[in-house]
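Architecture at a glance
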Amino acid sequence: MTGTIAPSSTRRGLHVITWGCQMNVYDSARMSDVLRPLGYQPVDLPDAADMIILNTCHIRDKAAEKVFSELGRLRLIKEARAAEGQPTVIAVAGCVAQAEGQEILRRAPYVDIVLGPQTYHRLPEMVARAARAGGAVIDTDFPAEQKFDFLPDTEAPQTPGNLTSFLTIQEGCDKFCSFCVVPYTRGAESSRRVASVLAEARRMAQSGVRDITLLGQNVNAYHGEGENGEIWDLPRLAYALAEIPGLSRIRYMTSHPRDMTDALIDAHRDLPQLMPFLHLPVQAGSDRVLTAMNRGHTADEYREIVRKLRAVRPDLALSSDFIVGHPGETDEDFEATMQLVRDVKFALAYSFKYSQRPGTPAAGAPLQVPEHVKDTRLQALQALLREQQDEFNATLVGKTFPVLFTGEGRKPGQITGRSPWLQPVHVLGPRHLIGQELSVKITERLTNSLSGELVEETEYA
Ligand code: 5AD
Ligand code: SF4
């Protein structure tokens, strides 16, 4: 199933619509890479596309319904193009495809290809098969081979000229949190080989990427095979990545508290390239709920990890995910979540109402929390998290830190970049500084960004 398909010089339009997490963004870029040798080039509008890919997300409510409503719109485009003699291939990829592939073909028979997250290296074959068969092709296997071994090397991964990039190093999850579909849609935890990761990181650095985010559903569970068959963990990989010239900023997400080892914490002490901003979802602050969620750690164990991280990297800021209204969550449990937030203080957080995901253990659990209770809890939690985000941003005013300049600002003469904690930062400065990392003194906090002034026009060392 992974044979080569002859390259084509015929130019074809490709339009990819991406929902969900950063890994889907990365996957969409790699699907475009894999189709490029067949002549597919990105186009902005679906009407101009010979192939349209919906890369879907199944993590929370109504994901599948969104896909079906988008498909309804695409059907009209496909029909209008067909009337002009132009065929359109519609492919549905990602986690909804994995979970509901047959249902998609039943409800939307005009879909040509359904593929899961683990099979996109086979996309060229599927395109060829769909053209030959004239019927739908579905491939939602969890193949034994690693798709990364069959993907083409990209000269300039993702958008050329980018200073920031994602790099997937790990996929899937064996943790089986009670509420989560990921172990079912992305499959078992698997890590990409070290050589393949390092080679892609070097290519990215050579094409100008300075700020790299390693991706994985359980990124800090990374255990990739090295050249000699030995297993590398994430800290070892981070030390090796830090040697690559040009990669001045390294991030990783999403981490699980259980895999936040002392060696990884030490890497934060040793490597200035590891950015002081960590996404470490805790989900809830009550031990009873954490047990029901099958998270495998207590609230105090989470506090202890944060304490250790801040001890080695005092400027480290945290972001997190929270779920309110997991089955069985009482007012007291929710108060324990609020207390954890007050204790830890987050720079950023994403919070959600628990949503029942078919096939997950919590979906059938008794004591589902009523919607209005979830609403009230979510509002209270979000108000507190917003306050903490504001407080964090306020602490940056008056500070000087390196900003990686990535583009022009909205106002004339302005350039814009990002802080180590990912806030957009605007300064007045010449365009030729774009691409450099320079010291900026923050003078003002705006609604969603910071503004400041260049301390000196020398590259930050
Ligand atoms: N309901 C609500 N939120 C969920 N998440 C995952 N599954 C669910 C669910 N069933 C949230 C978790 C996770 C983030 C990516 O999405 O907080 O960390
Ligand atoms: Fe889902 Fe839990 Fe795995 Fe994260 S650790 S992907 S929340 S099952």
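Now for a description of the structure that goes with this document.

Along the chain, methionine 253 connects to threonine 254 via a cis peptide bond; the corresponding omega equals 5°. Unusually for a residue other than glycine, lysine 345 sits at a positive phi of about 65°. Relative to the assigned elements, lysine 345 resides in the loop between α11 (331–344) and β16 (348–353). The phi dihedral of leucine 367 is positive, around 60°, even though this residue is not glycine. Exposure remark for leucine 367: the relative accessible area of 65% places this residue in the exposed category.

Further remarks concern the environment of leucine 115. Inspection of the secondary structure puts leucine 115 in strand β5 (residues 113–115). Accessibility expressed as a relative area gives 0% for leucine 115, which makes it buried. Expressed as a C-alpha distance, the spacing of leucine 115 and alanine 91, which sit 24 residues apart in the sequence, is 7.5 Å. In this structure, leucine 115 is in contact with Met31, Ala91, Val92, Ala93, Gly94, Ala97, Tyr120, Leu123, Met126, Asp139 and Thr140, ignoring residues within four places of it in sequence.

Turning next to the site of ligand 1. Residues in close proximity to ligand 1 include Ile59, Arg60, Phe179, Gln283, Asp321, Ile323, Phe352, Lys353, Tyr354, Ser355 and Arg357, which together make up its full environment. Take arginine 60: an N or O atom from its side chain is 2.6 Å from an oxygen atom of ligand 1. Calculation on ligand 1 without its partners gives an accessible area of 410 Å², and the protein chains cover 87% of this total. Across the shell around ligand 1, the residue classes tally to five nonpolar, two polar and four charged.

What follows covers the sheet that holds strand β14 (residues 277–279). On the basis of which strands lie adjacent, the open sheet formed by three strands has the order β14-β15-β16 and parallel pairing. Lying at the two open borders of the sheet, with one neighbouring strand each, are β14 and β16. Going across the sheet, the axis of each strand differs from the next one's by a mean of 15°, ignoring polarity. Where β14 meets strand β15 (residues 317–324), three bridges bridge the pair, whose relative direction is parallel. Bridge pairing in β15 links histidine 279 to serine 319. Strand contacts of helix α12 (residues 371–396): β15 and β16, with the helix running at about 175° to β16, the strand carrying the most contacts.

As for its placement among the helices and strands, alanine 97 is situated in helix α3 (residues 94–107). Residues alanine 97 and leucine 385 lie 288 residues apart in sequence; the distance between their C-alpha atoms is 34 Å. Excluding residues that lie within four positions of it along the chain, alanine 97 makes contacts with Thr56, Val92, Ile104, Val114, Leu115 and Thr140.

Before going further, it helps to spend a moment on the site of ligand 2. Inspection of the region around ligand 2 gives Cys173, Lys175, Phe176, Cys177, Phe179, Cys180, Val182, Pro183, Asn218, His256 and Arg295 as its neighbouring residues. Classifying every residue of the shell around ligand 2 by side-chain character gives seven nonpolar, two polar and two charged.

Taken in spatial order, the three strands of this open sheet run β7-β10-β13, and their pairing is parallel. The strands lining the two open edges of the sheet, one partner per strand, are β7 (164–168) and β13 (249–253). Across the sheet, the axes of successive neighbouring strands diverge by a mean angle of 25°, strand direction being ignored. On the sheet, helix α6 (residues 194–206) packs against β7 and β10 (211–215) and is oriented at approximately 170° with respect to β7.

Criteria and cut-off values
Residues numbered from 1 in each chain as written. Chains lettered and ligands numbered in written order. Predicted model: local features only at pLDDT ≥ 70, side-chain atom pairs only at ≥ 80, totals over all residues. Heavy atoms only, no water. Helix = DSSP H or I, 4+ residues; strand = E, 2+ residues; numbered from the N terminus. Buried < 20%, exposed > 50% of the residue type's maximum accessible area, 1.4 Å probe, protein only. Contact = heavy atoms within 4.5 Å. Near = heavy atom within 4 Å. Polar contact = N/O pair within 3.5 Å; in protein donor to acceptor, adjacent residues only side chain to side chain. Areas by Shrake-Rupley, 256 points an atom, 1.4 Å probe, with all protein chains shown as cover. Nonpolar A, V, L, I, M, F, W, Y, C, P; charged D, E, K, R; others polar. Pairing = 2+ DSSP bridges. Axes fitted to C-alpha atoms, helices over the stretch in contact; angles between N-to-C directions.

This is a description of form; function is not addressed.
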